[in-house]
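Descriptive structure summary
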Amino acid sequence: MSLSDRSFLCQCNREREDEVLININQIGIVLAGHGSRNDEAISQFQTLAALLSDSHKGIIKSGYLEFASPAIGEAIDTVVQDGAETIIVVPVMLNAAHHVKQDIPDIIQAAKKRYPAIPIQYARHLDLHPNVITLYKNKIAQALSEAPNAHEKETLLIILGRGSSDISANKDILILKQHLQEELSFGTILHGYTSAASPLLSDVLDNARTFPCGTILIAPYLLFKGVLMEKIESARRLFQKENTDRHVLSTQTLGPDQLIRDALLDRIREAIHALGHN
């Protein structure tokens, strides 16, 4: 999947076959990340940005809300300085919580005041894109395959979301849980959150003790490594130490994968389509 052509023919609504022809080299893409104090998390974000750059010959810059630089607003300034005549801001985030609904839109509004002549389009967050779900299932399968004597039907799976005070954002985990219950054959599937919502991971692990399973697999629904993954791993090790009769595993984060890259390309296509019909 590539956006390397000088002119990009976007057919976002395949049922209606609406087509929008836009010069891709004039579009500046700003990848908006949360940011992290963890260097590996930032490195993973930059690797994902590089994957996207390999498929897109236009202008791409990364920006962060906090804990890293440049800031998103500064990244917007940079793509303007680099000659972008149109800007698409892409939130590289799984859930539509406060950052997606409020913080990034506020930054975009401020940028529109600085550059009133330049269209700035806000793309959708990743959400439950099919590629994201496929990659999540791949991470689960990989963790099981690397564990000795672990079988799906004898394993308790914990779907672990970031958690938010925004109830609607937390519902994605419930939708994901329902999907996996239909698609996979785990003996039991529980869900929880790292913070700001219930049940918390500690409560889910306490509940897991009551199930007759030999393996417990914690599957964080997170894009990148960072402080949250460190806390999850600490909780996993402690629970394993206290429950030596169980094999307690965790999956890797989704990370900078081509499936995530392609999902972002879909979001960019959608945004280009919207620009052509404004």
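A few points on the structure.

So, on to the pattern of salt bridges. Any two side chains of opposite charge can pair, on the condition that their charged atoms come close. Taken as a whole and judged by the stated rule, the model has 13 salt bridges. One salt bridge connects arginine 124 with glutamate 270, and the closest N-O pair in it is separated by 3.0 Å. Of this pair, arginine 124 sits in the loop between strand 6 (120-122) and helix 4 (130-145) while glutamate 270 sits in helix 8 (residues 258-276), and the two are 146 residues apart along the sequence. For glutamate 270, a relative accessible area of 27% gives the class partly exposed. Glutamate 233 is paired through a salt bridge with arginine 237; the nearest N and O atoms lie 3.6 Å apart. Here arginine 237 and glutamate 233 lie together in helix 7 (residues 227-242), a separation of 4 residues that amounts to about one turn. Looking at glutamate 233, the relative accessible area reads 21%, which means it is partly exposed. Judged by its relative accessible area of 48%, arginine 237 falls in the partly exposed class. Overlapping salt bridges bring together Arg124, Arg267 and Glu270 as one network.

Let us look at the pairing of strand 4 (residues 59-64). The element strand 4 is extensively covered by neighbouring structure, given that 5 of its 6 residues are classed as buried. Sheet analysis places strand 3 (residues 27-33) next to strand 4, joined by 6 bridges and oriented parallel. Each residue of the ladder has a partner; that of alanine 32, found in strand 4, is glycine 63. Handedness of the β-α-β unit built from strand 3, helix 1 (residues 39-54) and strand 4 comes out right-handed.

Another point: the nonpolar core. Among the nonpolar cores identified, the biggest contains 52 residues, and Leu31, Ile88, Tyr136, Leu157, Tyr221, Leu254 and Ile260 are the most heavily contacted of them. Sort the elements by how many residues they give to this core and helix 8 lands first, with 8 residues. With residues up to four places along the chain from it excluded, the contact list for tyrosine 136 reads Ile159, Leu160, Leu176, Leu180, Ala219, Pro220, Tyr221 and Leu254. Ranked by size, the runner-up nonpolar core spans 20 residues in total, among them Ala32, Ala84, Val89 and Ala111.

Thresholds, definitions, all that
- For every chain, the first residue of the written sequence is number 1, and numbering continues from 1 along that sequence.
- For this predicted model, a pLDDT threshold of at least 70 governs which residues receive local features, and a threshold of 80 or more governs which side-chain atom pairs are given and counted, while totals over whole chains, interfaces and linings are taken from all residues.
- With hydrogens and water excluded, all non-hydrogen atoms of the structure serve as input to the side-chain values.
- Counted as salt bridges are all cases of a side-chain nitrogen of Lys or Arg within 4 Å of a carboxyl oxygen of Asp or Glu.
- Working definition: helices are DSSP H or I runs of at least four residues, strands are E runs of at least two. Numbering for both runs from the N terminus.
- When a residue's accessible area, from a 1.4 Å probe over protein chains only, is under 20% of the maximum for its type it is buried; when over 50% it is exposed; and in between it is partly exposed.
- Note: two strands are recorded as paired if DSSP finds a minimum of 2 bridges between them.
- For crossovers, right-handed means that the path from the first strand over the helix to the second runs clockwise, given strands pointing away from the viewer.
- In this description, a nonpolar core means a group of buried Ala, Val, Leu, Ile, Met, Phe, Trp, Tyr and Cys residues linked to one another through side-chain atoms lying within 4.5 Å.
- Pairs of residues are marked as contacts when any of their non-hydrogen atoms sit within 4.5 Å.

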